[in-house]
Amino acid sequence: PDQFAIQFPAKADKDGARPYFLLGDKKRAVNTWWWRADSNTTAEINAKSFGSFQPQSERSTQIKSNVTYQDGRYTMMITRPLTTSDTNDVQFEVGGWTPVAFNAWDGARGEIGQRRAVSTWYWIFLEPEIPSQAHVLPPVMFLLSLGVLGLIVRSPREWAKVESGEQDAPKPLM
């Protein structure tokens, strides 16, 4: 069957070392979200190599997935809280970088077990929420700048009218 796995290091390493990208290694485990087309379910597993992995109990699994297949392509949407109480789960941090790797099996081509498409580690950055003042301040500053620019342009024109004799004094601003 077609399968897709997304894996993260189970624990952030202080020195930046990452587990082996093929389901971890004996020193560094991975937390993997594994979807299978034959059951259309997504399981959460913890692995320390391809032959050494354990599914998490349904009680501790907090991921929810929705997978659709259309026009020859799968679309997978997975949701989960950023942090969990399970020490084997990856803990996401807003404003921090998290390594992520992917595995894909094409069942129609006989890909099973170690036979699959893999990626090395990539990075996910979860952007912090933009403060509301960031949306308000730029337009306010634009309007203020436009007003000041209008005054700067108006003043020399008024004085030019005085010098040419069209009027006795510049018109008041307000």
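Scope of this entry: the structure provided in the associated data block. This one's a predicted model, so the numbers in the text were calculated from it and none came from an experiment.

**Details of the pattern of salt bridges**
Then step 1. Counting across every chain of the model gives 3 salt bridges.
Then step 2. Residue Asp38 pairs with Arg36 through a salt bridge whose shortest N-O separation is 2.9 Å.
Then step 3. Residue Arg36 is classed as partly exposed on the basis of its relative accessible area, which comes to 32%.
Then step 4. Notably, a salt bridge pairs Arg109 with Asp106, separated by 3.8 Å at the nearest N-O pair.

**A closer look at the pairing of strand β6 (residues 73–79)**
Then step 1. Here strand β5 (residues 64–70) pairs with β6 via 7 bridges, running antiparallel. Within β6, the residue paired with Ser65 across the bridge is Ile78.

**Description of unusual backbone geometry**
Then step 1. In the Ramachandran plot, Asn40 falls in the positive-phi region, its phi being about 50° despite a non-glycine side chain.
Then step 2. In this structure, Asn40 sits in the loop between β2 (30–36) and β3 (41–47).
Then step 3. With a phi close to 55°, Asp71 is a non-glycine residue in the positive phi region.
Then step 4. Within the element layout of this structure, Asp71 appears in the loop between β5 and β6.
Then step 5. According to the relative accessible area criterion, Asp71 is exposed, its value standing at 75%.

Cut-off values and rules
- Residues numbered from 1 in each chain as written.
- Predicted model: local features only at pLDDT ≥ 70, side-chain atom pairs only at ≥ 80, totals over all residues.
- Heavy atoms only, no water.
- Salt bridge = Lys/Arg side-chain N within 4 Å of Asp/Glu carboxyl O.
- Buried < 20%, exposed > 50% of the residue type's maximum accessible area, 1.4 Å probe, protein only.
- Pairing = 2+ DSSP bridges.
- Helix = DSSP H or I, 4+ residues; strand = E, 2+ residues; numbered from the N terminus.

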